[in-house]
Structure formats: structure tokens, C-alpha cells
Amino acid sequence: MSLKLKVISGSTRPGRVGPTIAKWAASAAEAHGGFEVEYIDLADINLPLLDEPAHPAAQQYTHEHTKRWSSIVADADAFLFLTPEYDSFAPASLVNAIQVLYREWNYKPAGIISYGGISGGLRASQTLRDLLANVSVVALPQVVPVPFFPEFISDEGVFTPNEKMTEGTTLMLSELTKWANALKPMRA
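Residues numbered from 1 in each chain as written. Predicted model: local features only at pLDDT ≥ 70, side-chain atom pairs only at ≥ 80, totals over all residues. Heavy atoms only, no water.

Undergrad: It is not clear to me how the environment of Val143 should be interpreted in this structure. Could you clarify?
TA: By the secondary structure assignment, Val143 is in strand β5 (residues 137–147). Linking Val143 and Gly168, residues 25 residues apart in sequence, is a C-alpha distance of 7.9 Å. Those residues within four positions of Val143 in sequence are excluded, and the remaining contacts are Ile112, Ser114, Leu122, Ser125, Arg129 and Met172. (Helix = DSSP H or I, 4+ residues; strand = E, 2+ residues; numbered from the N terminus. Contact = heavy atoms within 4.5 Å.)

The structure is reproduced here in C-alpha cells:
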């Protein structure tokens, strides 16, 4: 049974570093071997703010961008979110991307890699975990924080994690694999 993991970069701000860290995470997930991995950049999805007339639970989408996003999320067995911390919260772009859908998220596990200053984005990861629980996602309690993230990005724009980040990501991917396998029958 092949499992599909969507690695989602949650920031859409100009000058963001999310894709740099997310691409490393996608490579780590591919190397892990538990998933078929797809990298998703929310800036490429370009979702407007909650512009569907019907509640997301109805799945009566009228806009092509929502239908496309619905297809991407529905196709997943698990998620790995990359989130910065903006004012102790996940970015509005990521919150919107989650709230624009409902059923497509249900009974799937998610891991979070957060980045920021001294806290490594842990406050944002907690708010994100709460939001994911509200759409019936099993958000893993283990988060991989990246504190002082600029220290891990070279002048060439390459993210090089330390040993603890790599170890934490590997453990998270193993947990995601277990949960994705366990939850898959619930979505049948």
C-alpha cells in the first residue's frame, strides 16, 4: 500500500525561506522511504481568502482554485507542514488553506516543522495543531522546531539542519507512516 505525503510550505510572503526548508524536508521524506512525496508551495496554489459561497463540509466548490486544492489535499494520506511564526501564530495563508476545505483533511495525520526566532516557531505549531484537530487531522505532538533559522541557510540558499533537526524529522516521518497506515482504513 503506497502512502502519499504532501509537504506543504505555508508561507506566501515575498522573501520567505519556507520553500528552502520545505525542499529539504521533502528530500528527507523521500530518503525516509515511507511515502511517495509531493512538495506543495501555497504561493503556487494562490488561494483567495475564503471565497466559496457554501460551507467547506458541503464540498460544493464553485472556483477552479478550490477544486484544484481539494484534489491535492484529498489525494494525500499524510501531511508535513512547514510553518513560520508570525506574531506567535501560523501565517494567514496556511490558516486559510486549511479552512477552505473540510472533508479532504479528515482522518489523516500531520507533522509540523516550524521555524522562527528563539522559540523555533513552537507557538505557531501549537496553534496549527489546534486548527488541524478541528478538521479531524491527527496532528502529531512531536514538532521539529528550527530556532534562529537563518543560521542554517547558506549564502547560496541551502538549508543544512543540525543533527537534532535531522533526527527529529526522521522520527516524525516514522510516526507519520504509522499513523497514515492506521488511519487509511477509516477513509475507505
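Undergrad: Hey, could you run me through the pattern of salt bridges in this one?
TA: If you walk through the whole model with that rule in mind, you get nine salt bridges. Close ionic contact of Asp75 with Lys6 constitutes a salt bridge, the shortest N to O distance being 3.2 Å. With Asp75 in the loop between α3 (64–74) and β3 (78–84) and Lys6 in strand β1 (residues 4–9), the pair connects residues that are 69 residues apart, well separated along the chain. Notably, a salt bridge pairs Arg187 with Asp77, separated by 2.6 Å at the nearest N-O pair. (Salt bridge = Lys/Arg side-chain N within 4 Å of Asp/Glu carboxyl O.)

Undergrad: How do you make sense of the environment of Ala31 when you look at a structure like this?
TA: Take Ala31: it is sitting in helix α1 (residues 18–32). Taking the C-alpha atoms as reference points, Ala31 and Ser136, separated by 105 residues in sequence, lie 28 Å from one another.

Undergrad: For this particular structure, what's the right way to read the pairing of β5?
TA: Side-chain positions along a regular strand alternate between the two faces of the sheet. Sheet topology places strand β4 (residues 108–116) next to β5; eight bridges connect them, and they run parallel. By the bridge assignment, Ala110 is partnered in β5 with Ala139. Handedness of the crossover joining β4 and β5 through helix α5 (residues 122–134): right-handed. (Pairing = 2+ DSSP bridges. Right-handed = clockwise from strand over helix to strand, strands pointing away.)

Undergrad: Before we go on, may I ask you to explain the packing of helix α4 (residues 92–99) against α5 in this structure?
TA: When two helices pack together, their arrangement is given by the angle between the helix axes and the distance between those axes. In contact at an axis separation of 10 Å, α4 and α5 are set at 10° when each is read in the N-to-C sense. On the basis of their axis angle, the class for α4 and α5 is roughly parallel. On the side of α4, the interface is formed by Leu94, Val95, Ile98 and Gln99, while α5 contributes Leu128, Leu131 and Leu132. Tallied by class, residues from the contact of α4 with α5 come to six nonpolar, one polar and no charged. (Axes fitted to C-alpha atoms, helices over the stretch in contact; angles between N-to-C directions. Parallel < 35°, antiparallel > 145°, perpendicular 65-115°, else oblique. Nonpolar A, V, L, I, M, F, W, Y, C, P; charged D, E, K, R; others polar.)

Undergrad: Just checking my understanding: could you explain the sheet that holds strand β2 (residues 36–41) for this structure?
TA: Pairing between the strands of a sheet comes from backbone hydrogen bonds, and it takes one of two forms, parallel or antiparallel. Ordered by their spatial adjacency, five strands build an open sheet running β2-β1-β3-β4-β5, and the pairing between neighbours is parallel. The sheet is open, and its two borders are formed by β2 and β5, each paired with just one other strand. Here the average twist between neighbouring strands, direction ignored, is 20°. Relative to β4, β3 runs parallel, the two sharing six bridges.

Undergrad: Looking at this structure, how should I read the side chain of Ser9?
TA: Structurally, the position occupied by Ser9 is in strand β1. Every residue in contact with Ser9, bar those within four places of it in the chain, is listed here: Arg16, Gly18, Pro19, Ala22, Tyr39, Ile40, Asp41, Leu42 and Leu82.

What is shown is where atoms sit, not what they do.
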